[in-house]
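# Examination of the molecular architecture
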Amino acid sequence: MANCEESSPLLAKQPETEAEKKAIKPATASLSAATAEKRSHQPSPLPKRASGMACGWTADGLPLGQVVGEPMQRSQWNSSIFACLGRNDEFCSSDLEVCLLGSVAPCVIYGSNVERLGSAPGTFANHCLTYSGLYLLGRALFGSNILAPCFSYHSRTAIRRKFNLEGSCEALNRSCGCCGCCGSFVEDDAQLEQCEICCDIATHIFCHRCAVCQEGRELRRRLPHPGFNAQPVLIMIPPGQQAMSRGSA
C-alpha cells in the first residue's frame, strides 16, 4: 500500500537527495535578498499621532490647517461694523432693510439672525420676545438698553465659530496693531477665544445696534432664510366635468 503523504497532491514534494537540498538553498537566499532590497526602497511609515492630539479640529471646534496644530486663517467679515448702509452689491436692498429694522426694532433683526443660525420651530418668537422683555426691563431699571446685549452677544460668537471669522481683537490687531499687547498674555487658542468672547460682549454693549446689523448682513449673504428651504408641493387639479354633446352621439 502506497504512503498517504506521497499520494496527496496538497503536500509539497520533499527533496530526496543532498544535491537537491543544495540547489534549493541558493534560491531561498536570493529570494530573501530581493525582499530585503524591496523593503529598503519603500518609504518609512509615518509616525502615528498621539491619542490626545486633535486630528482635524481643536477642542473649541476650530478647524486646523494642513500642518497639525496650525489653525486655518480666519476670514474677514463681509462688511465692517460701521457700514450701516451695507455694500453696493446684489444685497443692497437687503442691507437697507437691515439698517432700518436695526434702528427701529433691533429685536426683529436679532430674532431673524438666530432663526437663520438654527431654524428650530419657534426660534424667532422665543428670542424676539425675550429680547423685548430684557429691553423694556433695562429701560425701566437703568434707563438704557443694558440687559439685552448681555443676552444677544451669543449670536455673534456663534457666527464667528460657524464661519471661522476673525474676532474684534484680531481685526483691530490686523488694521492698526492696537491689540498687539494681547500676545503677551495669550498663550493658546483657548485664551484667545475667551478674549474674543469678551470683545463680543463689549461690542454688543457699546455698539449694539451696529453689531446686530453687521451680523444680519453677514448671515443674509451666507445663509438663506429657513423658509426658502421648504420642499415644493405638487398640487394635482382634477379634470373638469366632461359631457358628451348630441352631435357626437
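Preceding this paragraph is the structure being described.
No experiment lies behind these values; they were computed from the predicted model shown.

About the cut-offs
Residues numbered from 1 in each chain as written. Predicted model: local features only at pLDDT ≥ 70, side-chain atom pairs only at ≥ 80, totals over all residues. Heavy atoms only, no water. Helix = DSSP H or I, 4+ residues; strand = E, 2+ residues; numbered from the N terminus. Buried < 20%, exposed > 50% of the residue type's maximum accessible area, 1.4 Å probe, protein only. Contact = heavy atoms within 4.5 Å. Areas by Shrake-Rupley, 256 points an atom, 1.4 Å probe, with all protein chains shown as cover. Core = buried A, V, L, I, M, F, W, Y, C linked by side-chain atoms within 4.5 Å. Salt bridge = Lys/Arg side-chain N within 4 Å of Asp/Glu carboxyl O. Expected span 1.5 Å × (residues − 1). Phe/Tyr/Trp six-rings, centres within 6.5 Å; stacked < 30°, edge-to-face > 60°. Lys NZ or Arg CZ within 6 Å of the ring centre and 35° of its normal. Axes fitted to C-alpha atoms, helices over the stretch in contact; angles between N-to-C directions. Left-handed = near helix turned anticlockwise from the far one by under 90°. Nonpolar A, V, L, I, M, F, W, Y, C, P; charged D, E, K, R; others polar. Disulfide = S-S within 2.5 Å.

Moving on, we get to the overall build of the protein chain. The secondary structure content of the protein chain amounts to nine helices and zero strands. Across the protein chain, helices and strands are ordered from the amino to the carboxyl terminus as α-α-α-α-α-α-α-α-α. Within the span of the protein chain, comprising 249 residues, buried residues form 28% of the whole. Put simply, 65% of the contacts in the protein chain that link residues at least 6 apart link residues at least 24 apart. Summed over its atoms, the accessible surface of the protein chain is roughly 17400 Å², and 61% of this surface lies on carbon and sulfur atoms.

Attention now goes to the nonpolar core. Residues Ala105, Cys107, Tyr110, Val114, Cys128, Tyr131 and Ala148 constitute the largest nonpolar core, which totals seven residues. When residues of this core are traced back to their parent elements, those giving at least two are helix H4 (106–117) and helix H5 (123–142). Of all the elements, H4 adds the most residues to this core, at three residues.

Quick look at the pattern of salt bridges now. Applying the stated rule across the entire model yields nine salt bridges. In this structure, the salt-bridge partner of Arg161 is Glu193, at a minimum N-O distance of 3.0 Å. Taken together, the positions of Arg161 in helix H6 (residues 148–163) and Glu193 in helix H8 (residues 189–206) put the pair 32 residues apart, joining distant regions of the chain. We classify Arg161 as partly exposed; its relative accessible area is 38%. Within the structure, one salt-bridge network assembled from shared partners comprises Arg156, Arg160, Arg161, Glu193, Asp200 and Glu215.

Between its first and last C-alpha atoms helix H9 (residues 208–222) spans 21 Å; for 15 residues at 1.5 Å apiece the expected length is 21 Å, and the two agree. The buried fraction of H9 is high, at twelve of 15 residues. Considered for burial, the residues of H9 that qualify are His208, Ala211, Val212, Cys213, Gln214, Glu215, Gly216, Arg217, Glu218, Leu219, Arg220 and Arg221. Residues of H9 that are buried in the fold lie against helix H3 (92–104), H4, H5, H6 and H8.

On to the packing of aromatic side chains, then. Taken as a whole and assessed by the stated rule, the structure comprises two aromatic pairs. With 5.8 Å between their ring centres and 65° between their planes, Tyr110 and Phe151 make a pair best called edge-to-face. Of this pair, Tyr110 sits in helix H4 while Phe151 sits in helix H6, and the two are 41 residues apart along the sequence. Ring pairing ties together the aromatic residues Tyr110, Tyr131 and Phe151, which thus form one cluster. Between the NZ or CZ atom of Lys162 and the centre of the ring of Phe163, over which it lies, the distance is 6.0 Å. Taking the ring centre of Phe163 as reference, the NZ or CZ of Arg222 above it sits at 4.9 Å.

Here we come to the packing of H4 against H5. Put simply, H4 and H5 touch, their axes get as near as 8 Å, and they point 145° apart. At the point where H4 passes H5, the crossing takes the right-handed sense. Counting all contacts with H4, which are made through Pro106, Cys107, Val108, Tyr110, Gly111, Ser112, Val114 and Glu115, the residues of H5 involved are Thr123, Phe124, His127, Cys128, Tyr131 and Ser132. Grouping the constituent residues of the contact of H4 with H5 by class yields eight nonpolar, five polar and one charged.

The final tally for this structure, using the stated rule, is zero disulfides. There is no disulfide at Cys128, and the cysteine sulfur nearest it, in Cys107, is 3.9 Å away.

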